[in-house]
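Structural description and commentary
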Amino acid sequence: MWNRAKFIFPIVMIALCFAASPGLAQQGPPQSPRAEHALPKAGDPWWKHAVIYEIYPRSFQDSNGDGVGDINGITSRLDYLRDLGIDAIWISPMYPSPLVDFGYDVSDYTAIDPLYGTLADFDRLVSEGKKRNIRVIMDFVPNHTSDQHPWFKESRSSRTNPKRDWYVWRDGKAPGEPPNNWQSWFGHSAWQLDPGTNQYYYHHFYTEQPDLNWRNPEVRKAMYDALRFWFKRGAAGFRLDAVSRLFEDPHLHDDPILPGKNAYGDPNILHKYTDNLPEVHQVLREMRRVADEFPGDPVLISEADEPNIIELTKMYGQKNDEIQLPMDFQIADVNKLSAPDFRKLLNEIDRNRAGGQPHYFFSNHDQPRQWDRYGDGVHNDQIAKLMAALLLTTRATPLMYYGEEIGMRTTDPVRQEDVQDPIGKIGWPQEKGRDGERTPMQWDASKGAGFTTAERPWLPVPPSSAEYNVQAELQDPGSILSFYKSLLALRRSAPALRDGKYLPLDQDNQYVLSFLRKTPGNGDSILVVLNLSAEPRTVRFALDVQGVKESSARPLIAVPKIGPESTVLTHFTVPAFGVFIGSVH
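Residues numbered from 1 in each chain as written. Predicted model: local features only at pLDDT ≥ 70, side-chain atom pairs only at ≥ 80, totals over all residues. Heavy atoms only, no water.

**Details of the pattern of salt bridges**
What counts here: Here a salt bridge means any side-chain nitrogen of Lys or Arg lying within 4 Å of a carboxyl oxygen belonging to Asp or Glu. Put simply, DSSP marks the helices as runs of H or I at least four residues long and the strands as runs of E at least two long, and each gets a number from the N terminus on. Residue exposure (1.4 Å probe, protein chains only): buried if accessible area is under 20% of the type maximum, exposed if over 50%, otherwise partly exposed.
Tallied over the entire structure, the rule returns 36 salt bridges. The residue aspartate 87 makes a salt bridge to arginine 492 at a minimum N-O spacing of 3.1 Å. Of this pair, aspartate 87 sits in the loop between α3 (78-84) and β2 (88-91) while arginine 492 sits in helix α15 (residues 480-493), and the two are 405 residues apart along the sequence. With relative accessibility at 11%, the residue aspartate 87 sits in the buried group.

**What about unusual backbone geometry?**
The omega torsion across tryptophan 428 and proline 429 is 0°, close enough to zero to call that bond cis. Mapping proline 429 onto the fold places it in the loop between α13 (422-427) and α14 (470-474). Residue valine 559 is joined to proline 560 through a cis peptide bond whose omega torsion reads -15°. Structurally, the position occupied by proline 560 is in the loop between β18 (554-559) and β19 (572-574). Notably, asparagine 335 is not glycine yet its phi reads approximately 60°, a positive angle. When you line up the elements, asparagine 335 lands in the loop between α9 (329-332) and α10 (339-350). Residues other than glycine seldom take positive phi values, yet alanine 449 does so here, at roughly 60°. The topology assignment puts alanine 449 in the loop between α13 and α14. On the basis of relative accessibility, which here comes to 0%, the residue alanine 449 falls in the buried class.

**Focus on the nonpolar core**
We apply this condition: For this analysis, a nonpolar core means a set of buried residues of the types Ala, Val, Leu, Ile, Met, Phe, Trp, Tyr and Cys, connected via side-chain atoms within 4.5 Å.
Counting residues in each nonpolar core, the largest one holds 140 residues, and the members touching the most others are Tyr53, Tyr80, Leu81, Ile89, Phe238, Phe342 and Met441. The element best represented in this core is helix α12 (residues 380-393), accounting for nine residues. With 17 residues, the next largest nonpolar core counts Val539, Phe541, Ala558 and Val574 among its residues.

**Thoughts on the packing of α12 against α15**
Going by this rule: Angles shown run from 0 to 180 degrees and are taken between the N-to-C directions of axes, each axis being a line fitted to C-alpha atoms and, for helices, limited to the stretch in contact. Angles are sorted into four bins: roughly parallel if under 35 degrees, roughly antiparallel if over 145, roughly perpendicular if 65 to 115, and oblique for all others. Crossing handedness is defined as follows: a turn of the near helix away from the far one that is anticlockwise and smaller than a right angle gives a left-handed crossing, while the clockwise case is right-handed. Should any heavy atoms of two residues lie within 4.5 Å, those residues are counted as being in contact.
Look at α12 against α15: their axes get within 10 Å of each other, and the N-to-C directions meet at 15°. Considered as vectors, α12 and α15 are oriented roughly parallel to each other. Read as a crossing pair, α12 and α15 show a hand that is right-handed. Contact with α12, carried on its side by Asp381, Ala384, Lys385, Ala388, Ala389, Leu392 and Thr393, involves Ile480, Phe483, Tyr484, Leu487, Leu488 and Arg491 of α15 and no other residues of that element.

**Thoughts on the sheet that holds strand β12 (residues 359-361)**
Condition: By this definition, two strands are paired if DSSP reports at least two bridges between them.
With parallel pairing, the eight strands of this open sheet are ordered in space as β11-β10-β7-β3-β2-β1-β13-β12. For this open sheet the edge positions go to β11 (325-326) and β12, each flanked by a neighbour on one side alone. In this structure, β12 lies alongside strand β13 (residues 397-401), joined through three bridges in parallel fashion. Residue pairing in the sheet places histidine 359 in a bridge with threonine 397 of β13.

**What about α12?**
Selection rule: In this scheme, a helix's expected span is set at 1.5 Å multiplied by one less than its residue total.
The first and last C-alpha atoms of α12 sit 20 Å apart over 14 residues, in line with the 20 Å expected at 1.5 Å per residue. The element α12 is largely enclosed, with a buried count of 14 among its 14 residues.

**A few points about the environment of arginine 456**
Applied cut-off: Counted as a polar contact is a pair of N or O atoms within 3.5 Å, where, for protein atoms, one must be capable of donating a hydrogen and the other of accepting one, and residues adjacent in sequence contribute only when both atoms are in side chains.
Structurally, the position occupied by arginine 456 is in the loop between α13 and α14. By relative accessible area, which is 57% here, arginine 456 ends up exposed. Spatially, the C-alpha atoms of arginine 456 and glycine 65 are 9.6 Å apart, while their sequence positions differ by 391 residues. Beyond its immediate chain neighbours, meaning those up to four positions away, arginine 456 contacts Gly67, Arg415, Glu417 and Asp418. One polar contact links arginine 456 to aspartate 418, side chain to side chain, over a distance of 3.2 Å.

**Points about the sheet that holds strand β6 (residues 199-202)**
Pairing is antiparallel in the open sheet, where three strands are placed in the order β4-β6-β5. Only two strands of the sheet have a single neighbouring strand rather than two, namely β4 (169-170) and β5 (191-194). Direction of pairing for β5 relative to β6: antiparallel, over a ladder of four bridges. Its bridge partner lying in β6, tryptophan 191 is registered against tyrosine 202.

**Here we look at the packing of aromatic side chains**
As a reminder of what qualifies: Stacked, edge-to-face and tilted labels apply to pairs of Phe, Tyr and Trp rings (six-membered ring for Trp) whose centres lie within 6.5 Å, assigned for plane angles under 30 degrees, over 60, and everything in between, in that order. To sit over a ring, a charge needs its Lys NZ or Arg CZ within 6 Å of the ring centre and within 35 degrees of the ring normal.
All told, the structure shown has 35 aromatic pairs when counted by the stated rule. Between phenylalanine 229 and tryptophan 230 the ring centres are 4.9 Å apart and the planes differ by 85°, which places this aromatic pair in the edge-to-face class. Of the residues examined, phenylalanine 229 reaches a relative accessible area of 22% and is grouped as partly exposed. An aromatic cluster of three or more residues is present, and its members are Tyr95, Tyr109, Phe122, Phe140, Trp151, Trp166, Phe229, Trp230, Phe231, Phe238 and Phe294. When the ring centre of tryptophan 458 is taken as reference, the NZ or CZ atom of arginine 58 above it lies at 4.2 Å. Positioned above the aromatic ring of tryptophan 185 is the side chain of arginine 245, whose terminal nitrogen or guanidinium carbon lies 4.4 Å from the ring centre.

**A few points about helix α6 (residues 217-232)**
Note the following rule: Each direction from the helix axis to a C-beta atom contributes to the arc, which is the arc of those directions.
The end-to-end C-alpha distance of α6 is 22 Å, a good match for the 22 Å that 16 residues give at a rise of 1.5 Å each. Turning to α6, its buried residues number three or more, namely Val219, Arg220, Met223, Tyr224, Ala226, Leu227, Trp230 and Phe231. Axial view of α6: buried residues confined to an arc of 145°, hence all on one face. The exposed set on the far side of α6, more than 90 degrees from its buried face, consists of Pro217, Lys221 and Lys232. Taken together, the buried residues of α6 touch α4 (119-131), β3 (135-140), α5 (150-155), β7 (237-240) and α7 (279-291). Taking the backbone nitrogen of glutamate 218 as reference, a side-chain oxygen 2.8 Å away marks asparagine 216 as the first, capping residue of α6. Two residues or fewer past α6, glycine 234 is found with a positive phi of approximately 105°.

Right, here's the structure in full:
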């Protein structure tokens, strides 16, 4: 699903230990990159404590010099991911596809596109991942197929074909008129006339992506069998694309018209009859039952851009029998450094009625990168560390997007001929598409950024790769990458960050977001203080009501550096865009 929304201080790496001394820990580099993964709390499923990392396979690592990333390239970088502190990777679609929407138009659900490799390559990726305690999560596209899928070719061949009802076919309202006013997400009518059978088929997205008819039991069986195919090959779960769009109103009621027009010149409409229909939840329960057939606590992650936390909570299911990790677009799309906005959303999801595990992210393959969206143009690197701390210290399963750990920025094409995304081709230059957030991973400062040896990669390597790359940042203790590694190591080693409750603090503060991660009993708790403003801020904490007796916090990670006099809880000062993570007891 497309959801487009349009970040230098020196860092002091604080040793990640609970030293006996109450003062600042000694400055030093991140802990050993081969630190053992922390054991989850007994009885918890792995995904509750995991850090998940999205890989856009075209852009992560090219292993054969054709300019396009592939499965063997991902396998070759598993050590990097392990050393970073990643527990699972979600890989965007690698199925055979005409690539109208770069893999989200699937022509075979049980195969690998030769562009990315083979099923044997996939099996090796899973096997090598297991050796490093890294699970592989697939991307599943249930709403639609490619128009080149054999199912659709059969369906459109005649009105009497057995697979005709596998898709949504309807007669026009009148000659030359579609059945109703439903619109495609990418503009204009969501109905396409098929001259061969003189009926319209429904497509919520591109014309080349006809929607499956999920009211047909045969469709459900075929799709669930596709899930089983990958579970049997070792997939640890699925991210489910655009699941809220699986059903449409069978009576074809027109969607309500809203004021104004969209970017394509169409009247704005409310997708009342084509999005988030109640029937979706029955399918999600069925998918969960399929996942539960397999050992190892497989996980389902839903992409559903729900309008509020109440609707998001429904994705867990009334009995926690649907999605374990609904993606929280509310958090992702705050798109400004606002302590009140983040606090409100964090409080709401933490208290969700289902008691479900929160799942936060800030960037993905459909959104401009967080470095740009949250940066102020001056302090973007420090703000990138600030956002990392927000993502990785809350009570949630965090999702990172490849390259955010090195400060990759959105790099839109500068020439129309470089545009790959169909959206950008249609809308240039006002709409440049999603290529900017899909550029090659920046491994080093070479011409191909260590991503490829090809003369021309599928997307240009950003100029920022000369400075922002893995090789350079690994050598710099003040880099964004070094900060991520320290933060991820602390997340593993500190029980309070892994298992502790989320307790908001100082809830009327307009500039500083602060909270306590508290373990049951008398163990250490973690104080997190994030200054979301461009000025130093002084706050006061009364933690005795939370059972904390200490009068100061012992710094574990603090950027920029602050002295011990600034960590007194009754007069606590954090620098502009500063991050403080400390231990209290």
